[in-house]
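# Summary of the model geometry
Chain residues, written in single-letter form:
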Amino acid sequence: MQTRLDVTQTRIIFFDLEFYVPEKNRKEQGFSYNPWHKDSIFLGGSYVISLGTRDQINPLDDELRKRIKSHWIWDSKNEKDLVSKFYKLFSSQINSCLEFNQGISPLVCGIGIQGSDIPVLLALFRKYDYLSDQDAFVFENYLRILDLSVLGISFFSNKTYFMYPKKKNELLNKFFKDQVFESGTSVWGSFEQKNYYEISQRNLNEVFYTVRLYYEFKRKIMKLREIEEQYKKAE
């Protein structure tokens, strides 16, 4: 008999990372940062840990921005020290879920994280010997990834059979008309100019809107279920 899920023991890690890429490694298209490139730098990022409860995943909560925390290279001894902070963060949430033994894993939520942030973190954990190749596979398997760029596909009209993940600004334009983010490449110039505050505030805002998107998606899904139930009753 399956144990009833206790949502107060769940964990959701909303997060977003930033990177610096030197000019020689920059691409015109695609993801330029590579954790194995010597001169590329993992800058850090922001996150908020939430329970799967409505009161915690509430972008109208004035305390939400205050709950968002960050780890940055300029506040760390070096890149290895920065990576250790994220390793401890994710490890602690995995251990929390294992401790409660509900058969669920930490939910990791972000925009476009399947093809960038998650592979980067796993590579950095291996690079600095926090995980072996074998342990990295087990570690990743403990996580459950909710990429909003994939989930967001269903909220757009699509006349073809080709379904492709949505970009961050496509999602923002769909749900929040007043909000647009500059390309992540803008961080490179800010870092070169040592404008760390600008980077940290931009990143914090991205995590805030990640939570808002999660909330909007859930709200619309619930509304569709209500319409479905009404239709069934009408039949």
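Refer to the preceding data block for the structure.
So, here is what we can say about the structure in this document. (Residues numbered from 1 in each chain as written. Predicted model: local features only at pLDDT ≥ 70, side-chain atom pairs only at ≥ 80, totals over all residues. Heavy atoms only, no water.)

## Brief notes about the overall build of the protein chain
Inclusion rule: Secondary structure elements are taken from DSSP: a helix is a run of H or I of four residues or more, a strand is a run of E of two residues or more, and numbering for both begins at the N terminus. When a residue's accessible area, from a 1.4 Å probe over protein chains only, is under 20% of the maximum for its type it is buried; when over 50% it is exposed; and in between it is partly exposed. Contacts between residues were defined by any pair of non-hydrogen atoms, one from each residue, lying within 4.5 Å. The Shrake-Rupley method, run with a 1.4 Å probe sphere, supplies the accessible areas, and residue values consider only the shown protein chains as cover. Only four residue types enter the tally: Lys and Arg on the positive side, Asp and Glu on the negative side, with His and both chain ends excluded. We put the charge of a Lys on NZ, of an Arg on CZ, of an Asp on CG and of a Glu on CD.
Within the protein chain one finds 8 helices and 5 strands. Mapped from its N terminus to its C terminus, the protein chain presents α and β elements in the order β-β-α-β-α-β-α-α-β-α-α-α-α. Principal-axis analysis of the C-alpha atoms places the extent of the protein chain at approximately 65 × 40 × 40 Å. Within the protein chain, the proportion of its 235 residues that are buried is 44%. Long-range pairs, those at least 24 residues apart, make up 71% of the contacts in the protein chain between residues at least 6 apart in sequence. Surface accessibility of the protein chain: about 14,200 Å² in total, with carbon and sulfur atoms responsible for 49%. Charge-centre separation for the protein chain: the mean point of 34 positive side chains lies 3 Å from the mean point of 31 negative side chains.

## Comments concerning the environment of Asn 78
So the rule is basically this: Definition of a polar contact: a pair of N or O atoms within 3.5 Å, with one able to donate and the other able to accept a hydrogen when the atoms are protein atoms, and with sequence-neighbouring residues admitted only if both atoms are side-chain atoms.
Position of Asn 78 among the secondary structure elements: in the loop between β3 (69-72) and α2 (79-100). Given a relative accessible area of 41%, Asn 78 falls into the partly exposed group. Engagement of the side chain of Asn 78 in a polar contact is seen with the backbone nitrogen of Asp 81, the distance being 2.8 Å.

## Observations concerning the environment of Asn 58
One can find Asn 58 in the loop between β2 (41-50) and α1 (64-67). Here Asn 58 is in contact with Leu 64 and Tyr 215, once residues within four sequence places are set aside.

## Quick word on the side chain of Ser 76
Structurally, the position occupied by Ser 76 is in the loop between β3 and α2. Ser 76 sits in the buried class, given a relative accessible area of 13%. Aside from chain neighbours lying at most four places away, what touches Ser 76 is Asp 81, Leu 82 and Lys 85.

## Things to note about the packing of aromatic side chains
This is how the line gets drawn: Two aromatic rings, drawn from Phe, Tyr or Trp (for Trp, its six-membered ring), form a pair once their centres lie within 6.5 Å of each other, and the interplanar angle then sorts them: stacked below 30 degrees, edge-to-face above 60, tilted otherwise.
Throughout the structure, instances matching the rule amount to 21 aromatic pairs. Between the aromatic rings of Phe 155 and Phe 175, the centroid separation amounts to 5.7 Å while the plane-to-plane angle is 80 degrees, which identifies the pairing as edge-to-face. Separated by 20 residues along the polypeptide, Phe 155 in the loop between α5 (148-151) and α6 (168-175) and Phe 175 in helix α6 bring together distant segments of the chain. Residue classification places Phe 175 among the buried positions, given a relative accessible area of 15%. Here the aromatic rings of Phe 191 and Tyr 196 are separated by 5.9 Å at their centres, their planes lie at 40 degrees, and the arrangement is tilted. Residue classification places Tyr 196 among the partly exposed positions, given a relative accessible area of 25%. Feature note: the residues Phe 19, Phe 31, Tyr 33, Phe 42 and Phe 86 constitute an aromatic cluster, connected by ring pairs.

## Focus on the nonpolar core
Inside soluble globular proteins, nonpolar side chains tend to come together where they are buried. For the record, the criterion: Residue types Ala, Val, Leu, Ile, Met, Phe, Trp, Tyr and Cys, when buried and joined through side-chain atoms within 4.5 Å, form a set referred to as a nonpolar core.
Judged by nonpolar contacts, the single largest core of 35 residues is most densely connected at Phe 15, Phe 42, Leu 43, Phe 86, Phe 90, Leu 121 and Phe 139. Those elements giving two or more residues to this core turn out to be β1 (12-20), β2, α2, α3 (117-127), α4 (133-142) and α7 (186-192). Setting aside anything within four residues of it in sequence, one finds Leu 121 in contact with Phe 15, Leu 17, Phe 42, Phe 86 and Phe 90. With 24 residues, the next largest nonpolar core counts Leu 64, Ile 111, Leu 172 and Leu 204 among its residues.

## Overview of the sheet that holds strand β5 (residues 144-147)
To keep things clear, this is the line we draw: Strand pairing is assigned whenever DSSP detects at least two bridges linking the two strands. Interaxial angle, 0 to 180 degrees, is taken between N-to-C directions of lines fitted to C-alpha atoms, where a helix line uses only the stretch in contact.
The strand order across the open sheet built from 5 strands is β3-β2-β1-β4-β5, with neighbouring strands paired in mixed fashion. Whereas interior strands pair on both sides, the edge strands pair on one side only; in this sheet they are β3 and β5. For this sheet, the mean angle separating the axes of adjacent strands, direction not counted, is 25 degrees. Where β1 meets β2, 9 bridges bridge the pair, whose relative direction is antiparallel. Of the residues in β2, the one forming a bridge with Phe 19 is Phe 42.

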